[in-house]
Amino acid sequence: MHPITIIGTGLAGYTVARELRKLDKNCPLRIITADDGHFYSKPMLSNAFAQNKTPESLVITPVEQMAKQLNAEILTQSNITQISPQQHTFHINEKSLEYSQLVLASGADPIRLPLSGTAVDKVLSVNNLIDYTHFRVALWDAKRVVIMGAGLIGCEFANDLQPAGFTVTLIDLAPQALGRLVPDAVGLALQQALQNLGVTLHFGKAVNSIDSTDTGYRLTLTDNSVLEADVILSAIGLRPRTELAAAAGLSVERGIVVDRYLKTSAEDIYALGDCVQVEGLILPFVMPLMSAARAVAKTLAGQSTPVTYPAMPVVVKTPACPIVVSPPATTLEGKWQVEGEGQDIRALFYTPTRQLGGFVLTGTKVAEKNALTKELPPVLA
Ligand code: FAD
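Rules used throughout
Residues numbered from 1 in each chain as written. Predicted model: local features only at pLDDT ≥ 70, side-chain atom pairs only at ≥ 80, totals over all residues. Heavy atoms only, no water. Helix = DSSP H or I, 4+ residues; strand = E, 2+ residues; numbered from the N terminus. Rg over C-alpha atoms; globule rule 2.2 N^0.38 Å. Buried < 20%, exposed > 50% of the residue type's maximum accessible area, 1.4 Å probe, protein only. Contact = heavy atoms within 4.5 Å. Areas by Shrake-Rupley, 256 points an atom, 1.4 Å probe, with all protein chains shown as cover. Lys, Arg positive; Asp, Glu negative; His and termini not counted. Charge placed at Lys NZ, Arg CZ, Asp CG, Glu CD. Core = buried A, V, L, I, M, F, W, Y, C linked by side-chain atoms within 4.5 Å. Near = heavy atom within 4 Å. Polar contact = N/O pair within 3.5 Å; in protein donor to acceptor, adjacent residues only side chain to side chain. Nonpolar A, V, L, I, M, F, W, Y, C, P; charged D, E, K, R; others polar. Salt bridge = Lys/Arg side-chain N within 4 Å of Asp/Glu carboxyl O. Pairing = 2+ DSSP bridges. Axes fitted to C-alpha atoms, helices over the stretch in contact; angles between N-to-C directions.

Draft legend 1. The arrangement of the overall build of the chain in detail. Per the secondary structure count, the chain includes nine helices and 26 strands. What you see for the chain is a C-alpha radius of gyration of 22 Å, in line with the 21 Å of a compact globule of 381 residues. Across the 381 residues of the chain, 51% fall into the buried class. Residue pairs at least 24 apart in sequence account for 60% of intrachain contacts in the chain once pairs closer than 6 positions are excluded. On the chain, roughly 17,500 Å² of surface is accessible, and the fraction owed to carbon and sulfur atoms is 52%. For the chain, the distance from the average position of its 31 positive side-chain charges to the average position of its 35 negative side-chain charges is 5 Å.

Draft legend 2. Spatial organisation of the nonpolar core. Ranked by internal contacts, the top residues of the largest apolar core, which has 55 residues, are Ile31, Ile83, Phe90 and Leu104. Setting aside its immediate chain neighbours within four residues, Ile31 contacts Ile6, Gly8, Thr9, Tyr14, Ala17, Leu70, Ala72, Glu73, Ile74 and Leu75. Listed in part, the 44 residues of the second largest apolar core include Phe157, Phe166, Val182 and Val231.

Draft legend 3. Up close: the site of the ligand. Near the ligand there are 31 residues, and of these Lys42, Ile80, Asp274, Val286 and Lys317 occur at the shortest range. A distance of 3.3 Å separates an oxygen atom of the ligand from a polar atom in the backbone of Leu11. Within the contact set of the ligand, an oxygen atom lies 2.9 Å away from a side-chain nitrogen or oxygen of Lys42. Protein burial of the ligand: of its 1,000 Å² of free accessible surface, 91% is covered by the chains. Mapped by element, the contributors of at least two residues to the shell around the ligand are helix 1 (11-23) and helix 8 (286-300). Residue composition of the shell around the ligand, by class: 15 nonpolar, 11 polar and five charged.

Draft legend 4. Quick look at the pattern of salt bridges. Considering all chains together, one arrives at 11 salt bridges under this definition. Where Arg30 meets Glu73, a salt bridge forms, and the shortest distance between an N and an O atom there is 2.8 Å. Separated by 43 residues along the polypeptide, Arg30 in strand 2 (residues 29-32) and Glu73 in strand 5 (residues 73-75) bring together distant segments of the chain. Arg30 sits in the buried class, given a relative accessible area of 12%. On the basis of relative accessibility, which here comes to 39%, the residue Glu73 falls in the partly exposed class. Between Glu279 and Arg260 there is a salt bridge; the shortest N-O distance is 3.9 Å. Here the residue Glu279 occupies a position in the loop between strand 21 (276-278) and helix 8, and Arg260 occupies one in the loop between strand 19 (256-258) and strand 20 (269-271), the gap between them amounting to 19 residues. Within the structure, one salt-bridge network assembled from shared partners comprises Glu339, Arg346 and Glu368.

Draft legend 5. Just the sheet that holds strand 20, in detail. If you trace the five strands from one edge of the open sheet to the other, you get 5-2-1-9-20, paired in parallel fashion. One side of each edge strand has no neighbouring strand; the edge strands of this open sheet are strand 5 and strand 20. Strand-to-strand twist of the sheet, defined as the mean angle between neighbouring strand axes without regard to direction, takes the value 20 degrees. Pairing between strand 1 (residues 4-7) and strand 9 (residues 102-104): three bridges, direction parallel. Within strand 9, the position partnered with Thr5 by the bridge is Leu102. In this fold helix 1 packs onto strand 1, strand 2, strand 5 and strand 9, with an angle of close to 170 degrees to the strand it touches most, strand 2.

Draft legend 6. Representation of the environment of Gln192. When you line up the elements, Gln192 lands in helix 6 (residues 184-197). For Gln192, a relative accessible area of 41% puts it in the partly exposed group. When the C-alpha positions of Gln192 and Gln69 are compared, they lie 46 Å apart, and in sequence the two are 123 residues distant.

Draft legend 7. Just the side chain of Thr15, in detail. Along the polypeptide, Thr15 turns up in helix 1. In this structure the side chain of Thr15 is engaged in a polar contact, spanning 2.4 Å, whose partner is the backbone oxygen of Leu11. In contact with Thr15, not counting residues within four places along its chain, are Leu289, Met290 and Ala293.

Draft legend 8. Local environment of the side chain of Glu19. Assignment of secondary structure puts Glu19 in helix 1. Setting aside residues no more than four positions away along its own chain, Glu19 makes contact with Ala293, Arg294 and Ala297.

Draft legend 9. Up close: the sheet that holds strand 15 (residues 217-221). Within the open sheet, the three strands sit side by side as 14-15-16. Their pairing is antiparallel. The sheet is open, and its two borders are formed by strand 14 (207-212) and strand 16 (226-229), each paired with just one other strand. Averaged over all adjacent pairs, the angle separating strand axes in this sheet is 25 degrees, with direction ignored. Here five bridges tie strand 14 to strand 15, and the two strands are oriented antiparallel to one another.

This is a description of form; function is not addressed.
Next comes the structure, spelled out in structure tokens:
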């Protein structure tokens, strides 16, 4: 029998493998990754620097041990170049391998802005352990760090790096931090907390060009202001990796399209994690991929199981202003009701029939997370 094959050793790929092994200890299992396959927790990357975490110390389980624990063959540094759904095969360059069932857990790529200038290719992003290694090397003799993007990850990096001794500037085209994810009062509370740390904010502007100078880089913004930097980090968002699936003829929109069973448009091919779109939803966070992994594993083991998503609040790792956010569905009608002041805000999103549709809590109010989560409707029932 050909092995069940998982593409990707991120949280999605490895969680499917773990869940599958709880149900079937012995079915042939092969996991393939373009990287080194060590198991690590990606969310740690945006608050690792201040804790002086090296890439090595972020590895939770080395790949050899993962292979043993999972009773799986793990092929590392192996970039899958083609999938042939009809033949149930895939290619790693010239090599062709067969699968019984295939799981795509191939993640997402950082979005690159189309900027001009001589140093555009020097912009860094941190989306895996290798990126983090490069980032740490770049920070070695740096002082001035410019972060593009004041979403969750950009704000987390700003909160991590400024107290570690860097001079951080945060730039975003939006007028406030965390964009449309939170009501204004929350964005302002976070901005105030970051400014109190010493972070400089440039909001309502974008970067036009990045050029090399004798001492580092020069960024020119859309209002013609100029900033100098030693390191430039882009945190403007991720785009699901869909190329392989699209080339194989699978249905792809913003992400790889899957149904409630995480099944793609091709027979015996499933997908989950940052690469997918489930019922139109792209949710690049840990909790959704955990639910998806449990469902896929059951389906692979022969018990066809749809995914359900409970309410899944996200903790923003900004200790200067602790935040937990459970954003309302974009299609949901309603209004924010904001209470509290300073750093301690409770923002509740109510529908016209007074149903709680989402919430954001900051400061001391984050203690209300569990109680409010129970009141929320599931994301996918
Ligand atoms: P990835 O971890 O990207 O794994 C993709 C895998 O696919 C890799 O092993 C890659 O090598 C492999 N691959 C891709 N293409 C190929 C190919 N062609 N051939 C072979 N292998 C291939 N979420 C939260 O819920 N809370 C947080 O606090 C949080 N913080 C975050 C902080 C940062 C800095 C980042 C970047 C993300 C954060 N997230 C957070 C999001 C969360 O980490 C991701 O949703 C999750 O890790 C995605 O896992 P994944 O397995 O889908 O993708």
